[in-house]
Amino acid sequence: MKTIVLEKPGELRLTDSNEPADIPEGWAKVRVRRVGICGTDWHAYRGKQPFFSYPRVIGHELGVVVEQVNDSKSSLKPGDQCAVEPYLNCGKCVACRRGKGNCCVNMKVIGVHVDGGMREHIVMPTNKLHPSKKLSLDQLALVETLGIGCHAVDRAKIERDEWVLVVGAGPIGLSVIPFAIEAGGRVIVMDVSSTRLDFCRSAMGVQHTIDGTKVDPLTALRELTDDELPTVVLDATGNPKSMMNDFDLIGHGGRLVYVGLFQGEVTFNDPNFHRREMTLLGSRNALPGDFDRIVRLVEDGRINTTPWITHRVAADQLVETLPSWLSPEAGVLKAVVEF
Ligand SMILES: [Zn+2]
Ligand SMILES: [Zn+2]
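Small disclaimer: the values here were computed from a predicted structure and weren't measured.

Rules behind the numbers
- Residues numbered from 1 in each chain as written.
- Chains lettered and ligands numbered in written order.
- Predicted model: local features only at pLDDT ≥ 70, side-chain atom pairs only at ≥ 80, totals over all residues.
- Heavy atoms only, no water.
- Core = buried A, V, L, I, M, F, W, Y, C linked by side-chain atoms within 4.5 Å.
- Buried < 20%, exposed > 50% of the residue type's maximum accessible area, 1.4 Å probe, protein only.
- Helix = DSSP H or I, 4+ residues; strand = E, 2+ residues; numbered from the N terminus.
- Contact = heavy atoms within 4.5 Å.
- Donors = N, O, S within 2.8 Å, 3.2 Å for Na, K, Ca; no water.
- Pairing = 2+ DSSP bridges.
- Right-handed = clockwise from strand over helix to strand, strands pointing away.
- Axes fitted to C-alpha atoms, helices over the stretch in contact; angles between N-to-C directions.
- Parallel < 35°, antiparallel > 145°, perpendicular 65-115°, else oblique.
- Left-handed = near helix turned anticlockwise from the far one by under 90°.
- Nonpolar A, V, L, I, M, F, W, Y, C, P; charged D, E, K, R; others polar.
- Disulfide = S-S within 2.5 Å.
- Salt bridge = Lys/Arg side-chain N within 4 Å of Asp/Glu carboxyl O.

Draft legend 1. Geometry of the nonpolar core. Residues Ile37, Met118, Leu129, Val189, Leu234, Leu318 and Val337 are the most contacted members of the largest nonpolar core, which totals 86 residues. By residue number, the principal contributor to this core is helix 3 (residues 137-156), which donates nine residues. Discounting chain neighbours no more than four positions away, the residues touching valine 189 are Val166, Ala169, Ile177, Leu197, Cys200, Val206, His208, Thr209 and Ile210. One finds Ile188, Leu221, Tyr258 and Met278 within the second-largest nonpolar core, a separate group that totals 19 residues.

As structure tokens, this is what we get:
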């Protein structure tokens, strides 16, 4: 079957591999049809993804069709279209036992720690497949990306009409925004790209944006929030400078959620942290329940994924096409590979 392997940084190869021969009990074999490319994949391609080993079949944002089910307890049938929860958790560790399989001690994300979905067929545990009768294959492939934002917003426990600052309007920030709006937050988005901020206003329904290159963020936030500052800040930049700066932008009693991550130390001034009685939260992956909830929200039209996909390519052309998507001028928001 057609398979795309990331041999080493900068080197993708289209090759052939054997179809999965057996389907373990409780698993299903699926036909992969759409694969979204996200920041993790770009980092892996550039050789900047920590804990990543090569060669690897990448791809963890998948729209698939069920082919064969080896699970008498599952209601899945051949032909069902599904979003895939790509997090293989152990079910036994301290996090899993407490319902937090998203941060399993022994986490294996397909396409990152083990081979993923850039091939025609894979096998997955049936409970990691989230079907929808209404969503398109494109929409199904976006569910995992949305899960990152959904879980981060759940971590923040946003209250209605609370000021919420989303820092960074890349793909992760974009996955945060619709859930922050859905939770009733008064959302402000800050970025250093006017194009991205325009997109947030025109396509995502964001009313307030701050261009960090043009105005002083703290002053702008004070003006917007009647001097109180947002009580929720979700940082989706993965940029250490931004992440440390957040401590100054947050209102007293507020929560700061780190959605994006970087390899290094975060430092902050303790009196600044204590005076505010701030809560600092990490957010990793998403929970199984998030997937079903997102499927329903997209089905009901409460989240519109249409504007997201800016680039598309057939699997046969990916190897030649991908390098041209690397420059910022390419304007890639979300690229999708068709299998
Ligand atoms: Zn992703
Ligand atoms: Zn576990």
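That covers the picture; the talk isn't over yet.
Draft legend 2. Highlighting the coordination of the zinc ion (ligand 1). Taken together, Cys38 (SG), His60 (NE2) and Glu61 (OE) make up the full set of protein donors to the zinc ion (ligand 1), lying 2.1 to 2.4 Å away. As a motif over one chain, the donors of the zinc ion (ligand 1) read C-x21-H-E. Within this pair, whereas cysteine 38 is found in the loop between strand 3 (27-37) and helix 1 (39-46), its partner glutamate 61 is found in strand 4 (residues 61-70), the two being separated by 23 residues in sequence. By the burial criterion, cysteine 38 is buried, and glutamate 61 matches it.

Draft legend 3. Fine view of the pairing of strand 14 (residues 255-258). Of the two faces of strand 14, both are covered, the one formed by Arg255 and Val257 as well as the one formed by Leu256 and Tyr258. Here four bridges tie strand 13 (residues 232-235) to strand 14, and the two strands are oriented parallel to one another. Its bridge partner lying in strand 14, aspartate 235 is registered against tyrosine 258. Handedness of the crossover is the feature at issue here: the chain leaves strand 13, passes through helix 7 (residues 240-249), returns alongside strand 14, and the resulting connection is right-handed. Sheet analysis places strand 14 next to strand 15 (residues 279-282), joined by four bridges and oriented parallel. Considered in strand 15, the bridge of tyrosine 258 is made with glycine 282. In the classification by handedness, the crossover that spans strand 14, the intervening helix 8 (residues 270-276) and the parallel strand 15 is right-handed.

Draft legend 4. Here's a closer look at the packing of helix 3 against helix 4 (residues 171-182). Following both chains from N to C, one finds helix 3 and helix 4 inclined at 55°, their axes separated by 7 Å at the closest point. As judged from the angle between their axes, helix 3 and helix 4 are oblique. Both helix 3 and helix 4 take part in a crossing whose hand is right-handed. Residue-level contacts link Thr145, Leu146, Ile148, Gly149, Cys150 and Val153 of helix 3 to Ile172, Ser175, Val176, Pro178, Phe179 and Ala180 of helix 4. Within the contact of helix 3 with helix 4, the residues separate by chemical class into nine nonpolar, three polar and no charged.

Draft legend 5. Layout of the state of the cysteines. Taken as a whole and judged by the stated rule, the model has zero disulfides. You can see cysteine 82 has no disulfide; the closest cysteine sulfur is in cysteine 150, sitting 18 Å from it. For cysteine 82, a relative accessible area of 0% gives the class buried.

Draft legend 6. Structural context of the pattern of salt bridges. Inspection of every chain in the model, using the stated rule, returns 19 salt bridges. The closest approach of N and O atoms between glutamate 19 and lysine 29, which form a salt bridge, is 2.7 Å. One end of the pair, glutamate 19, is in the loop between strand 2 (11-16) and strand 3; the other, lysine 29, is in strand 3, and ten residues separate them in sequence. One salt bridge in this structure joins aspartate 115 and arginine 56, with 3.1 Å as the shortest N-O distance. One end of the pair, aspartate 115, is in the loop between strand 7 (108-109) and strand 8 (121-125); the other, arginine 56, is in the loop between helix 1 and strand 4, and 59 residues separate them in sequence. A residue is classified by how much of its surface remains accessible, and arginine 56, at 10% relative accessible area, is buried. A cluster of three or more residues bridged by salt bridges with shared partners is formed by Arg34, Asp138, Arg312 and Glu338.

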